[in-house]
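Given next are the chains, with one letter for each unit.
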Amino acid sequence: MDIPILLTIKLTEDKHSKSAPWVAYTPELDVVSCGPTPQKAKKNLMEAVEIVLKGAAQDGNLKELLLETGFQI
């Protein structure tokens, strides 16, 4: 079952990076990713968030992770 979660995405540009200057961060889960464009950085971030959440679910600690990060279940 998929449950939508609203996340904040903060985008910044790292002027020193040539291949992936756009950095996307979600403070709710403390996950970061990057990409060559803002859109790709966001897409990569969502993939990273999915990996974190699926990993927590497989480990049996998804509920604990969500509660620790301030979500209500």
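In case you missed it, the structure is sitting above this.
Residues numbered from 1 in each chain as written. Predicted model: local features only at pLDDT ≥ 70, side-chain atom pairs only at ≥ 80, totals over all residues. Heavy atoms only, no water.

Novice: For this particular structure, what's the right way to read helix α1 (residues 38–59)?
Specialist: Three- or four-residue spacings in an α-helix give side chains the same orientation, since the helix completes a turn every 3.6 residues. Between its terminal C-alpha atoms α1 stretches 31 Å, which fits the 32 Å expected from 22 residues at 1.5 Å a residue. Of the residues making up α1, those classed as buried are Ala 41, Asn 44, Leu 45, Ala 48, Val 49, Leu 53 and Ala 56. Elements in contact with the buried residues of α1: β1 (10–13), β2 (22–26), β3 (31–35) and α2 (62–68). Two residues or fewer after α1 comes Gly 60, characterised by a positive phi angle close to 85°. (Helix = DSSP H or I, 4+ residues; strand = E, 2+ residues; numbered from the N terminus. Expected span 1.5 Å × (residues − 1). Buried < 20%, exposed > 50% of the residue type's maximum accessible area, 1.4 Å probe, protein only. Contact = heavy atoms within 4.5 Å.)

Novice: Where do I start with the pattern of salt bridges in this structure?
Specialist: Between side chains of opposite charge, pairing is possible as soon as their charged atoms come close. Applying the stated criterion to the full structure yields 3 salt bridges. Residue Lys 15 is joined to Glu 13 by a salt bridge in which the shortest nitrogen-to-oxygen separation is 3.3 Å. We classify Lys 15 as exposed; its relative accessible area is 68%. For the salt bridge of Glu 47 with Lys 43, the shortest nitrogen-to-oxygen distance reads 3.1 Å. Taken together, the residues Glu 47 and Lys 43, both in helix α1 and 4 residues apart, mark about one turn of the helix. (Salt bridge = Lys/Arg side-chain N within 4 Å of Asp/Glu carboxyl O.)

Novice: What's the story with a nonpolar patch on the surface in this structure? I'm lost.
Specialist: Together, Ile 9, Leu 11 and Met 46 make up a nonpolar patch on the protein surface, roughly 210 Å² of accessible area in all. For Ile 9, the position within the fold is in the segment before β1. Residue Ile 9 is classed as partly exposed on the basis of its relative accessible area of 34%. (Patch = residues over 30% accessible without salt bridge, like charges linked within 9 Å, V, L, I, M, F, W, Y side chains within 5 Å. Areas by Shrake-Rupley, 256 points an atom, 1.4 Å probe, with all protein chains shown as cover.)

Novice: Would you explain the environment of Ile 5 in this entry?
Specialist: Structurally, the position occupied by Ile 5 is in the segment before β1. Owing to a relative accessible area of 34%, Ile 5 belongs among the partly exposed residues under this scheme. It is 15 Å that separates the C-alpha atoms of Ile 5 and Lys 42, two residues lying 37 residues apart in sequence. Dropping the residues within four chain positions of it, Ile 5 is found in contact with Leu 53, Leu 66 and Phe 71.

Novice: What is the right way to read the nonpolar core from this model?
Specialist: In summary, soluble globular proteins display a tendency toward joint burial of nonpolar side chains. Ala 24, Leu 29, Val 31, Ala 41, Leu 45, Ala 48, Val 49, Leu 53, Leu 66 and Phe 71 form the largest nonpolar core, which has 10 residues in total. The leading source of residues in this core is α1, at 5 residues. Those residues in contact with Phe 71, other than ones at most four positions away along the chain, are Ile 5, Leu 6, Leu 7, Glu 28, Leu 29 and Leu 66. (Core = buried A, V, L, I, M, F, W, Y, C linked by side-chain atoms within 4.5 Å.)

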